[in-house]
Amino acid sequence: MRVVVLTGAGISAESGVATFRDSDGLWEGHDVEDVATPEGFARDPELVHRFYDARRRGLALVEPNPAHQALAALEDALGEDLLVVTQNVDDLHERAGSHRVVHMHGELRRARCEVCGARPVWDADLLDAPPCPACGRATLRPDVVWFGEVPYELGLIDRAVTGCALFVAVGTSGAVYPAAGYVALAASSGARTLELNLGPSAVSRYFDEVRTGPAAQLVPQWVAELVG
Ligand code: BJW
């Protein structure tokens, strides 16, 4: 059975990573317009670099939780029949042992060159304008997808969502498109749909089943039901 799991910030919340919309529109003290738009980056690149440099460094302080681990175990059981599509830019799925992960909104541990398009693995700061390893220019930015930019791997994700038998969304508010539209796409393609979230999302009504609670409990329970 083909399964697609869409994850959002809620799956990493119990690891200590801040979610986006649970704090009055402020994101670790910043307005989203300032740190998650190309216009904000053009206005104040230093602020944006400081914000993402701090979050990249913060990855060393957090660990995968039982929800990430359960999805890695599910991949062990289902192999290529499982695809995790994450909106998260952290690396907690990979550190839990998942390999079949698509980061549709990019990755903190990569940079992207604005000139040549290279996407090198990047664990250092970007504030001090290091040269791009591919073209040598000091034109690296965080490899994250900001509002108004096109997410990664949309063709691959569309094919997986329209071809799956079960679509599960974990810890995502359903506020940001195109990810928020995947439940409707999966349902119209004949998949069963399940939402696992601490509370109702903006798209809960489109799911066949909604389970409410913390991801670190709900995901291992659901995986155990599925694979025994
Ligand atoms: C727990 C929990 C626990 C907590 N256990 N659960 C008008 C209408 C429709 C669309 C648009 C529109 N105007 C503009 C648009 C498009 C726009 C958009 O959707 N805007 C909305 C605000 C309306 N989208 C875009 O611009 C996207 N690009 C695009 O559309 O390109 C055009 C195109 C598309 C397709 C084809 C061709 C062209 C790009 C969106 C980029 C989003 N980027 C960010 C920043 C990434 C970098 C970074 O991290 O810094 O991605 S924004 C932010 O939101 C981040 C997240 O990935 C994303 C989603 O957030 P998520 O994961 O859902 O987190 P939260 O905080 O919102 O929710 C947490 C949830 O967890 C809650 O539900 C809690 O209950 C739950 N929870 N604790 C379980 N312990």
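Refer to the structure above for everything that follows.
Read on for a plain summary of the structure. As the structure is a computational prediction, the values presented were derived from the model and not from experiment.

1. Quick notes on the pattern of salt bridges
Phase 1: For the structure on display, the rule yields 15 salt bridges.
Phase 2: Residue R43 pairs with D34 through a salt bridge whose shortest N-O separation is 3.1 Å.
Phase 3: Look at D34 and you get partly exposed, because its relative accessible area is 30%.
Phase 4: Ionic pairing is found between D125 and R57, a salt bridge with its closest N-O pair at 3.2 Å. Of the two residues, D125 sits in the loop between strand 6 (106-113) and strand 7 (140-144) while R57 sits in helix 4 (residues 45-58), which places them 68 residues apart along the sequence.
Phase 5: By relative accessible area, which is 28% here, D125 ends up partly exposed.
Phase 6: Here the residues in one salt-bridge network are E63, D91, R95, R109 and D123, joined through shared partners.

2. Quick notes on the side chain of E107
Phase 1: Its location among the elements puts E107 in strand 6.
Phase 2: Engagement of the side chain of E107 in a polar contact is seen with the side chain of R110, the distance being 3.1 Å.
Phase 3: E107 has contacts with V89, R119 and D143, leaving out every residue within four places of it along the chain.

3. Digging into the site of the ligand
Phase 1: If you check the shell around the ligand, you find 35 residues, and the closest are F20, R21, R55, S173 and N197.
Phase 2: In this structure, a nitrogen atom belonging to the ligand sits 2.9 Å away from a main-chain N or O atom of V145.
Phase 3: Within the contact set of the ligand, an oxygen atom lies 2.7 Å away from a backbone nitrogen or oxygen of G148.
Phase 4: Classifying every residue of the shell around the ligand gives 19 nonpolar, 11 polar and 5 charged.

Analysis parameters
Residues numbered from 1 in each chain as written. Predicted model: local features only at pLDDT ≥ 70, side-chain atom pairs only at ≥ 80, totals over all residues. Heavy atoms only, no water. Salt bridge = Lys/Arg side-chain N within 4 Å of Asp/Glu carboxyl O. Buried < 20%, exposed > 50% of the residue type's maximum accessible area, 1.4 Å probe, protein only. Helix = DSSP H or I, 4+ residues; strand = E, 2+ residues; numbered from the N terminus. Polar contact = N/O pair within 3.5 Å; in protein donor to acceptor, adjacent residues only side chain to side chain. Contact = heavy atoms within 4.5 Å. Near = heavy atom within 4 Å. Nonpolar A, V, L, I, M, F, W, Y, C, P; charged D, E, K, R; others polar.

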